[in-house]
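# Descriptive analysis of the structure
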Amino acid sequence: MLLFSAGPASIVLIDEPEISLHAAWKHSFLDDISEVARLADLQVLLATHSSGIINGRWDLTEELAYMPATATESSDTKSSEDTEEEFE
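Residues numbered from 1 in each chain as written. Predicted model: local features only at pLDDT ≥ 70, side-chain atom pairs only at ≥ 80, totals over all residues. Heavy atoms only, no water.

What follows covers the pattern of salt bridges. Taken as a whole and assessed by the stated rule, the structure comprises two salt bridges. Glu 35 serves as the salt-bridge partner of Arg 38, at 2.7 Å between the closest nitrogen and oxygen. Remark: Glu 35 and Arg 38 occur in helix 2 (residues 23-40); sequence separation between them is three residues, near one turn of the helix. Between Arg 57 and Asp 59 there is a salt bridge, and its shortest N-O distance comes to 2.9 Å. Judged by its relative accessible area of 57%, Asp 59 is exposed. (Salt bridge = Lys/Arg side-chain N within 4 Å of Asp/Glu carboxyl O. Helix = DSSP H or I, 4+ residues; strand = E, 2+ residues; numbered from the N terminus. Buried < 20%, exposed > 50% of the residue type's maximum accessible area, 1.4 Å probe, protein only.)

Here's what the structure looks like:
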């Protein structure tokens, strides 16, 4: 239901939809969500580990990689201990 309450030009984030989908629905999910996005003028960012969700549309995928922070970036950010102290 939240998908249909998103306003035009919204970005909708969907994380691992395969977890709650029947196996047969996985193959049509990308086409279905693409059609909803087109009709509602939405952008969809989808995270999945399922090749069934991708269903051959590898042209729509981007692989993400973890990049650890450099020493300079690390010193600019607060540690979890600093954050915990702020809330005590």
